[in-house]
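Structural characterization, general
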Amino acid sequence: MSNALKQYKLWLESSAVDMDTKNELLTIEHDEDEINERFYQDLSFGTAGLRGIIGAGTNRMNIYTVRRATQGLAMVIRESGKEAMERGVAIAYDSRLYSDSFAMEAAKVLAANGIKSYLFESLRPTPELSFTIRHLNCISGIIITASHNPAKYNGYKVYWEDGAQMPPQHADKVLKYIKATDIFTGVKVMDSVEANNSGLINIIGKEVDEAYLKNVQAQSINPDLVKQAGDKLKIVYTPFHGAGNKLVRKILSTLGVSNVYVVREQEDPDPAFSTVKSPNPEDPDGFVYAIKLAKETDAPLIIGTDPDGDRMGLMVRNNDGEYVTLSGNQVGVLLINYILSQKQEKGLLPKDPIVVKTIVTTEMAAKVCEKYGVSITNVLTGFKYIGEIIKNLEEKNEENRFIFGYEESYGYLCGTYARDKDAVVASMLTAEMAAWYALRGMTLYDGMQELFKEFGYYREIQKAIALEGIAGIQKIQEIVDYLRNKAPESFGDAKVVAVRDYKKSIRTDKLTGKTEPLTLPVSDVLYFELSDDTYFVVRPSGTEPKIKFYLFAKGKTQKEADKAIDTLSENVFALLNTLL
């Protein structure tokens, strides 16, 4: 009998498993493949926590896997002492299926371990959770979310006392305790009524919202621009059925934006995300209702935020009257240029200011920073690394040097009040920036074209290949191993000049054979530098069953840049197709 089947039978026979879960498992009793998918492994716990398909099984998101993960976290907090237990854990959740239930289950496990929790009364954005940890001096934080994944997913993200995602050394300890804990007999759970009465579960809400929004508003640079723009500034907003709705609208109202049109079909929380294939602001297909409303209201700008309110995507009206997507790279460049230009003009730039971006984010950002004498720091993919830079600056009392951090996947942060990407502050600054351009008779589309003319035409393509299940995981690893060990010497006419292998922490010059160390942390990432000044990056996703490719090119003209990226794309994906 396979281990998966043994686990399946254990769940069916355990008195600790509720009848709804058992009935779900009985529907697959003759489906060996499905049993194997659900039980062949435990849902993996990394520095981002858990993320998986909702359902019964050890490799699924359910109350039992959530409880077990929380027990592991509780053990680490208890190990830290009574003060850490008293400081407690902030807990938030988004609009996904069972998010509120999973949040309460986490609070009940913490309570049973003698640890306080501060549980939000209703759904809240991820960046507010990050803020709340430091605002309430908590030792840790949990948010139940699967970000922009499809509706069948949910997740469990863990943060530490600095407000950033849990650092590896603590995550490793949590994982150690999880592995040592029986999913049924090893987990402590307190009744919710008892926990509330004992003061171990504390409900929080509006007072924290007010403190959070005050900090967001403090990042505004030119609030008067919005008033001056008046009716020239019209914005359509969609929260994609998620947690950004109330706070994004509140901050835009506070800023003075009077013409905000909300997509009613996508306004209310909906765990099925019934109006979109995927609630991802990177996907233009999700903006169908928003485009319709923008045309009706003559709004040149559409803002969309993902279910947990940490990512923001934009669509803008071009000169032909069509609505087109601005990539995460482009939005970041626009925001950097706006923020730096205005802070410089007002004399608000600190000494030695820095902008932080990930290695898979456009180098156009560095060119913009160079114009304003601002240094740029590159980190690995994942906003936790940007949070780490802020923490290091704070420890030296230099956090004011941090101006802006962003990653190409629509994540932005201005200010140090939070340690994760924040669609609320990004929406506010985007509205302010749009007013700045509107007063010049320009849209954000015009603004991007202006930057291209000044700094050169940069093109980026990001493609994620989804490969689910056991076979998918194996295929992803096969592709990465091939590219690491057997990659061709050239892609089309472009030779591979160098390869940066962040797993081995080595950059190899393919022309000379010389190697040099890489200083960033170890990560399963490959970075190919090509002879025609194009480059591409490959990495397995840390949160989804996907392998991601990032392609980069530039040119003196739009046509030149388009040709370069198209050639690179054709050559890279021709190889990929042979590996799939």
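See the structure above.
Residues numbered from 1 in each chain as written. Predicted model: local features only at pLDDT ≥ 70, side-chain atom pairs only at ≥ 80, totals over all residues. Heavy atoms only, no water.

1. Notes on the overall build of the protein chain
Per the secondary structure count, the protein chain includes 20 helices and 23 strands. Taking 580 residues into account, the globule formula puts the C-alpha radius of gyration at 25 Å, and the protein chain, at 24 Å, falls close to it. Along the first, second and third principal axes, the C-alpha set of the protein chain runs to 70 × 55 × 50 Å. Burial statistics for the protein chain: of 580 residues in total, 58% are counted as buried. About 23800 Å² of surface is accessible on the protein chain, with carbon and sulfur atoms providing 47% of the total. (Helix = DSSP H or I, 4+ residues; strand = E, 2+ residues; numbered from the N terminus. Rg over C-alpha atoms; globule rule 2.2 N^0.38 Å. Buried < 20%, exposed > 50% of the residue type's maximum accessible area, 1.4 Å probe, protein only. Areas by Shrake-Rupley, 256 points an atom, 1.4 Å probe, with all protein chains shown as cover.)

2. Observations regarding the sheet that holds strand β12 (residues 354–358)
The strand order across the open sheet formed by four strands is β13-β12-β14-β15, and the pairing between neighbours is mixed. Edge positions in the open sheet fall to β13 (375–379) and β15 (411–413), since each of these has one partner strand only. Taken over all neighbouring pairs, the strand axes of this sheet differ in orientation by 15° on average, direction set aside. (Pairing = 2+ DSSP bridges. Axes fitted to C-alpha atoms, helices over the stretch in contact; angles between N-to-C directions.)

3. Some points on the packing of helix α1 (residues 3–13) against helix α2 (residues 19–26)
Two elements in contact, α1 and α2, have axes whose closest approach is 9 Å; the angle formed by their N-to-C orientations is 140°. In this view, α1 runs oblique relative to α2, as classed from their interaxial angle. The element α1 and its partner α2 pack so that their crossing is left-handed. Judged by residue contacts, Tyr8, Trp11, Leu12 and Glu13 of α1 engage Thr21, Lys22, Leu25 and Leu26 from α2. When grouped by side-chain class, the residues that make up the contact of α1 with α2 number five nonpolar, one polar and two charged. (Parallel < 35°, antiparallel > 145°, perpendicular 65-115°, else oblique. Left-handed = near helix turned anticlockwise from the far one by under 90°. Contact = heavy atoms within 4.5 Å. Nonpolar A, V, L, I, M, F, W, Y, C, P; charged D, E, K, R; others polar.)

4. Brief notes about the pattern of salt bridges
Under the defined criterion, the tally for this structure stands at 36 salt bridges. A salt bridge links Arg317 to Asp298; the nearest nitrogen and oxygen atoms lie 2.9 Å apart. Placement of Arg317 in strand β10 (residues 312–317) and of Asp298 in the loop between α13 (288–297) and β9 (301–305) is noted, with a sequence separation of 19 residues between them. According to the relative accessible area criterion, Arg317 is partly exposed, its value standing at 21%. On the accessibility criterion, Asp298 (45% relative accessible area) is partly exposed. Linked by salt bridges that have partners in common, Lys157, Asp310, Glu407, Asp420 and Lys421 make up one network. (Salt bridge = Lys/Arg side-chain N within 4 Å of Asp/Glu carboxyl O.)

5. Observations concerning the state of the cysteines
Disulfides are covalent bonds that link the sulfur atoms of two cysteine residues. On inspection of all chains with the given rule, the structure shows zero disulfides. Of all cysteine sulfurs, the one in Cys369 lies closest to Cys414, which takes part in no disulfide; the gap is 12 Å. (Disulfide = S-S within 2.5 Å.)

6. Quick look at the sheet that holds β10
Spatially, five strands are ordered β8-β7-β9-β10-β11 in an open sheet, and the strand pairing comes out mixed. One side of each edge strand has no neighbouring strand; the edge strands of this open sheet are β8 (260–262) and β11 (323–326). With strand direction ignored, the average angle separating the axes of adjacent strands in the sheet is 25°. Sheet analysis places strand β7 (residues 235–238) next to β9, joined by four bridges and oriented parallel. Counterpart to Val236 in the pairing with β9 is Ile302. Along the sheet face, helix α14 (residues 328–346) touches β10 and β11 and points at about 80° away from the line of β11.

7. Let's talk about empty space enclosed by the protein
Tallying each qualifying case throughout the model produces two cavities of 30 Å³ or more. Considering only enclosed or pocket space, the largest cavity measures out at about 90 Å³ in volume. No other element matches helix α4 (residues 63–79), which puts three residues into the lining of the largest cavity. Residues that form the lining of the largest cavity fall into these classes: five nonpolar, two polar and two charged. Considered as a void within the structure, the second largest cavity measures approximately 50 Å³ in volume. Taken together, Leu483, Phe491, Phe536, Phe549, Val572, Leu575, Leu576 and Leu579 make up the full set of residues lining the second largest cavity. Of the residues in the lining of the second largest cavity, the class split is eight nonpolar, no polar and no charged. (1 Å grid on protein atoms, 1.4 Å probe; cavity = no way out; pocket = protein on both sides within 12 Å on 5 of 7 lines; lining within 4 Å. Points joined across faces, edges and corners; volume = space filled by probe spheres on them.)

8. Concerning helix α7 (residues 126–135)
Counting buried positions over the 10 residues of α7 gives eight, a clear majority of the element. Burial in α7 covers these residues: Thr126, Pro127, Glu128, Leu129, Ser130, Phe131, Thr132 and Ile133. One or two residues past the end of α7 sits Asn137, with phi positive at roughly 60°.

9. Comments concerning the environment of Ile204
Within the element layout of this structure, Ile204 appears in strand β6 (residues 201–204). Given a relative accessible area of 6%, Ile204 falls into the buried group. Each C-alpha atom of the pair Ile204 and Ala106 lies 16 Å from the other, and the pair is 98 residues apart in sequence. Not counting chain neighbours up to four residues away, the residues in contact with Ile204 comprise Tyr118, Leu119, Phe120, Glu121, Thr132 and Leu136.

10. Things to note about the pairing of strand β14 (residues 402–407)
Of all six residues in β14, six are buried; the element is thus mostly enclosed. Relative to β15, β14 runs antiparallel, the two being bridged by three bridges. Of the residues in β15, the one forming a bridge with Glu407 is Gly411. Between β14 and the antiparallel strand that follows it, β15, lie three residues; Tyr410 among them carries a positive phi value of about 70°.

11. Overview of the nonpolar core
By size, the foremost hydrophobic cluster in this structure holds 103 residues, and its most contacted members are Ile336, Ile339, Phe404, Tyr412 and Leu444. With 12 residues, helix α17 (residues 423–438) is the single largest residue contributor to this core. Setting aside anything within four residues of it in sequence, one finds Ile336 in contact with Val355, Ala365, Val368, Cys369, Phe404 and Tyr406. Within the second largest apolar cluster, 38 residues are counted, among which are Ile91, Ile142, Val174 and Ile178. (Core = buried A, V, L, I, M, F, W, Y, C linked by side-chain atoms within 4.5 Å.)

12. Some details on unusual backbone geometry
Phi at Asp352 is positive, roughly 55°, even though this residue is not glycine. Looking at the secondary structure, you find Asp352 in the loop between α14 and β12. One non-glycine residue, Ser505, adopts positive backbone phi at about 60°.

13. Here we look at the packing of aromatic side chains
Scanning the model with the defined rule gives 21 aromatic pairs in all. With centroids separated by 5.9 Å and ring planes inclined at 40°, the aromatic side chains of Tyr98 and Phe102 adopt a geometry described as tilted. Take Tyr98: its relative accessible area is 43%, and that puts it in the partly exposed class. Between Phe404 and Tyr406, the aromatic rings sit 5.8 Å apart at their centres with planes inclined by 40°, giving tilted as the arrangement. For the pair Phe404 and Tyr406, one class covers both residues: buried. Aromatic rings pair up to connect Tyr8, Trp11, Phe39, Tyr64 and Phe184 into one cluster. The ring centre of Tyr177 lies 5.8 Å from the NZ or CZ of Lys176, which sits over that ring. The ring of Tyr527 has Arg500 lying over it, and the distance from NZ or CZ to the ring centre is 3.8 Å. (Phe/Tyr/Trp six-rings, centres within 6.5 Å; stacked < 30°, edge-to-face > 60°. Lys NZ or Arg CZ within 6 Å of the ring centre and 35° of its normal.)

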